[in-house]
Amino acid sequence: MSTVFSKIIAGELPADIVYEDDYVLAFRDIAPQAPVHVLIIPKREIPTTNDVRLEDVEALGRLFLAAAKIARDEGVAADGYRLIVNCNEHGGQEVFHLHMHLLGGRKLGPMLARK
Ligand code: AMP
């Protein structure tokens, strides 16, 4: 089932795009949780990390290459940042098109909220 991210890839929905190549698109999160909050997605629709196949290795590797470039471009590489990929209900996934969050620009605190 297509998601809002497919519409962004197709150019049917606006997004603040910061990076694009043949495999990957990256754009600013609509509800940023840090001064820098970019979503990096494979152009192929992979719903969750449970659906990753061997043929996705190139695209997923490129997510990390894109993350490193975006971190440099956004000026957060040296201080550091966090990459997050949520999966399904317990992971808090809301959009079922695999995506990597790049968060930075401030100290992000503990990795998980203590609940
Ligand atoms: P997740 O909870 O990991 O599925 O994260 C989904 C993220 O997508 C959330 O941080 C949302 O704020 C973000 N999001 C949803 N719709 C859009 C959109 N149209 N443009 C940019 N970010 C979006």
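Residues numbered from 1 in each chain as written. Predicted model: local features only at pLDDT ≥ 70, side-chain atom pairs only at ≥ 80, totals over all residues. Heavy atoms only, no water.

(A) Spotlight on the side chain of Asp-21. Relative to the helices and strands, Asp-21 resides in the loop between strand 1 (17–20) and strand 2 (24–28). Put simply, Asp-21 is tucked away with no salt bridge, and the nearest opposite charge, on Arg-62, sits 4.0 Å away. Once residues lying within four places of it in the same chain are set aside, the contact partners of Asp-21 are Lys-43 and Arg-62. (Helix = DSSP H or I, 4+ residues; strand = E, 2+ residues; numbered from the N terminus. Buried < 20%, exposed > 50% of the residue type's maximum accessible area, 1.4 Å probe, protein only. Lys, Arg positive; Asp, Glu negative; His and termini not counted. Salt bridge = Lys/Arg side-chain N within 4 Å of Asp/Glu carboxyl O. Contact = heavy atoms within 4.5 Å.)

(B) View of helix 2 (residues 57–74). With 18 residues, helix 2 should reach 26 Å at 1.5 Å per residue; the first-to-last C-alpha distance of 26 Å fits that figure. Of the residues making up helix 2, those classed as buried are Ala-59, Leu-60, Leu-63, Ala-66, Ala-67, Ile-70 and Ala-71. Burial along helix 2 is one-sided: seen end-on, the buried residues are contained in an arc of 135 degrees. In helix 2, those exposed residues whose orientation departs by more than 90 degrees from the buried face are Val-57, Phe-64, Leu-65 and Arg-72. Contacts from the buried residues of helix 2 go to strand 1, strand 2, strand 3 (36–42), strand 4 (81–84) and strand 5 (100–104). Downstream of helix 2 by a residue or two, Gly-75 has a phi angle that is positive, lying close to 80 degrees. (Expected span 1.5 Å × (residues − 1). Arc of directions from axis to C-beta.)

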